[in-house]
Amino acid sequence: MIDLIRTYLPNVYELGWSGDAGWGLAIWNTLYMTIIPFIIGGIIGLFIGLLLVLMGPGGVIENKTVCWILDKITSIFRAIPFVILIAVLASFTYFLMGTALGATAALVPLTFATFPFFARQVQVVFSELDKGVIEAAQASGATFWDIVKVYLGEGLPDLIRVSTVTLISLVGETAMAGAIGAGGLGNVAISYGYNRFNNDVTWVATIIILLLIFLIQYLGDLLTRQISHK
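This section reports on the structure supplied with the text. Remember, it's a predicted structure, so these values are computed and weren't measured experimentally. (Residues numbered from 1 in each chain as written. Predicted model: local features only at pLDDT ≥ 70, side-chain atom pairs only at ≥ 80, totals over all residues. Heavy atoms only, no water.)

**A closer look at the overall build of the protein chain**
Move 1: Scanning the protein chain from terminus to terminus reveals 11 helices and 0 strands.
Move 2: Ordered by position from the N terminus, the helices and strands of the protein chain form the series α-α-α-α-α-α-α-α-α-α-α.
Move 3: With the C-alpha coordinates aligned to their principal axes, the bounding extent of the protein chain is approximately 70 × 45 × 20 Å.
Move 4: Going through the 230 residues of the protein chain one by one, you find that 41% of them count as buried.
Move 5: Only carbon and sulfur atoms are counted for the fraction: they give 68% of the accessible area of the protein chain, which is about 12700 Å².
Move 6: Within the protein chain, the 14 negative side-chain charges are centred at a point lying 3 Å from the centre of the 11 positive side-chain charges. (Helix = DSSP H or I, 4+ residues; strand = E, 2+ residues; numbered from the N terminus. Buried < 20%, exposed > 50% of the residue type's maximum accessible area, 1.4 Å probe, protein only. Areas by Shrake-Rupley, 256 points an atom, 1.4 Å probe, with all protein chains shown as cover. Lys, Arg positive; Asp, Glu negative; His and termini not counted. Charge placed at Lys NZ, Arg CZ, Asp CG, Glu CD.)

Given below as structure tokens:
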């Protein structure tokens, strides 16, 4: 196998597995920039998405003012293209991380890109739940937190589905971040592949990204089916 890679993919072999430009670090940085923003942005997005429903018209704790503010914040960050978001948040990123370059610095704009996207997905999921279930819980004297549990329980399969979509979107955004200095497979594909006319590097990096996306989709679909059948 090693001989085949050295023969047919010489530039891929030259990069190697270890080192600052190695495939191992590139894959690790891509996973790092995907998982951490998903956890942080996902928690914030879930909270905001839930509040948008609970505080919206006819919601359990209807509050038009707070709902309007949350809606506008979500819409603004959702509308900013990710590459521009990196530039807009550069000073804030430097303030938090002490640098605006690298995988760790990329966590800030990636999180800001994730939470509004996920919040909208969560809002749609909870808005489409059977209102009869929520009304039945209220009629039985359920507390606020009991109703929140009902929302989370009833919407769990769809929450997993939108989480899968969010993760896949994040993988694409890590590639964009990598292309402008954050590292990861996007950086390998552009800096060591495209810019140096090493097509084998570009193709291998692209294939690894696709395999990662297919794996996320497969696991998300599998988990959704298992939860739905319970």
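**Some points on the pattern of salt bridges**
Oppositely charged side chains are able to pair whenever their charged atoms sit close together.
Move 1: Within the structure shown, the criterion is met by 3 salt bridges.
Move 2: The closest approach of N and O atoms between Asp-158 and Arg-161, which form a salt bridge, is 3.4 Å. Of the two residues, Asp-158 and Arg-161 both sit in helix H9 (residues 144–182), 3 residues apart, roughly one turn of that helix.
Move 3: Classification of Asp-158 as partly exposed rests on a relative accessible area of 32%.
Move 4: Arg-161 sits in the partly exposed class, given a relative accessible area of 42%.
Move 5: Each of Asp-71, Lys-72 and Arg-120 takes part in salt bridges that share partners, so that together they form one network. (Salt bridge = Lys/Arg side-chain N within 4 Å of Asp/Glu carboxyl O.)

**Structural notes on the packing of helix H3 (residues 23–54) against helix H11 (residues 199–228)**
Move 1: As a packed pair, H3 and H11 sit with axes 12 Å apart at the nearest point and diverge in direction by 40 degrees. With respect to H11, the axis of H3 lies oblique. Every pair of crossing elements has a handedness; the one defined by H3 and H11 is right-handed. On the side of H3, the interface is formed by Trp-23, Ile-27, Thr-30 and Leu-31, while H11 contributes Val-201, Val-204, Ala-205, Ile-208 and Leu-212.
Move 2: Here the contact of H3 with H11 is composed, by residue class, of 8 nonpolar, 1 polar and no charged. (Axes fitted to C-alpha atoms, helices over the stretch in contact; angles between N-to-C directions. Parallel < 35°, antiparallel > 145°, perpendicular 65-115°, else oblique. Left-handed = near helix turned anticlockwise from the far one by under 90°. Contact = heavy atoms within 4.5 Å. Nonpolar A, V, L, I, M, F, W, Y, C, P; charged D, E, K, R; others polar.)

**Notes on the nonpolar core**
Move 1: The biggest cluster of nonpolar side chains holds 30 residues, and the ones touching the most others in it are Trp-23, Phe-82 and Val-188.
Move 2: Secondary-structure elements contributing two or more residues to this core are helix H2 (10–15), H3, helix H5 (82–88), helix H7 (103–127), H9, helix H10 (185–194) and H11.
Move 3: In terms of residue count, the dominant contributor to this core is H11 (7 residues).
Move 4: Among residues more than four places away in sequence, those in contact with Phe-82 are Pro-109, Leu-110, Ala-113, Glu-173, Met-176 and Ala-177.
Move 5: Within the second largest apolar cluster, 14 residues are counted, among which are Phe-126, Ile-134, Val-148 and Val-162. (Core = buried A, V, L, I, M, F, W, Y, C linked by side-chain atoms within 4.5 Å.)

By themselves these figures say nothing about function.
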